[in-house]
Amino acid sequence: MGFQKKNRLIPYVIEKCLRNESFDIKSADLIRDFCFVEDVMNGILKVLGNKKCLGEKINIASGEPRKVREIVEIIIDKIKLGNPKFKNITTTIPQNKELYANISKIKKLTDWFPIINIDDGLSKTINWYENNGQ
């Protein structure tokens, strides 16, 4: 949890909120898929232990795409601190507006599905940051 680069969305927002700082959120309307690390690990183990998966390209994700803005708002609601400045900035660097995975293949081949929802995953991650410093 705490070893993701600090410039990534979730660690960045959590740290800014815990410090009760103002911070910029660019591209708040981008849609992404966030999956809790324990679910990812369990998915990998299911794939590695299943002969039906040999040679297959398999996505491991939550299967529940969310806007960046929604993730930020959930974190703020949980911490009760922080002041995001939402900005939709156009850049010259091409970005996928929607970037998320279809997890139907892993469900079919292994019966795997994520069990930690975004709310619980963010609570666990926030708790880790609160107990392990920034």
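Here the structure is a predicted model, which is why all the values come from computation and not from measurement. The residue count restarts for each chain, going from 1 along the sequence in the order it is written. A pLDDT threshold of at least 70 governs which residues receive local features in this predicted model, and a stricter bar of 80 or more applies before side-chain atom pairs are shown or counted, although totals over entire chains, interfaces and linings include all residues. Just so you know, side-chain values use all the structure's heavy atoms and leave hydrogens and water out.

Draft legend 1. Spatial organisation of the packing of helix α1 (residues 9-18) against helix α5 (residues 118-132). α5 packs onto α1 with a crossing angle of 55° between their chain directions and a minimal axis gap of 10 Å. The angle between α1 and α5 places the two elements in the oblique class. Between α1 and α5 lies a crossing whose hand is right-handed. Residues I10, P11, I14, E15 and L18 of α1 pack against L122, T125, I126, Y129 and E130 of α5. A fitted line through C-alpha atoms represents every axis, and for helices the fit uses only the stretch in contact; the resulting angles, taken between N-to-C directions, go from 0 to 180 degrees. Counting from the N terminus, the helices are the DSSP runs of H or I reaching at least four residues and the strands are the DSSP runs of E reaching at least two. Each angle gets one of four labels, with under 35 degrees taken as roughly parallel, over 145 as roughly antiparallel, 65 to 115 as roughly perpendicular, and the rest as oblique. Throughout, a crossing is termed right-handed when the near helix is turned clockwise from the far one, and left-handed when it is turned anticlockwise from it by less than a right angle. By the convention used here, residues are in contact when the closest approach between their heavy atoms is within 4.5 Å.

Draft legend 2. Spotlight on the sheet that holds strand β3 (residues 66-67). For two strands to count as paired, DSSP must find a minimum of two bridges between them. The sheet built from 3 strands is open, its strands ordered β3-β2-β5 with mixed pairing. Every other strand in the sheet has two partners, leaving β3 and β5 (98-99) as the edge strands with one partner each.

Draft legend 3. Fine view of the pattern of salt bridges. Think of a salt bridge as a Lys or Arg side-chain nitrogen and an Asp or Glu carboxyl oxygen that are within 4 Å of each other. Per the counting criterion, the structure on display carries 9 salt bridges. Its salt-bridge partner being D29, residue K67 comes within 3.9 Å of it at the nearest N-O pair. With K67 in strand β3 and D29 in the loop between β1 (22-26) and β2 (31-32), this residue pair connects regions lying 38 residues apart in the sequence. Exposure classes here rest on a 1.4 Å probe applied to the protein chains alone. A residue is buried below 20% of its type maximum, exposed above 50%, and partly exposed in between. Residue K67 is classed as partly exposed on the basis of its relative accessible area, which comes to 38%. Ionic pairing is found between R66 and E64, a salt bridge with its closest N-O pair at 3.2 Å. Put simply, D29, K67 and R69 are held in one network by salt bridges that share partners.

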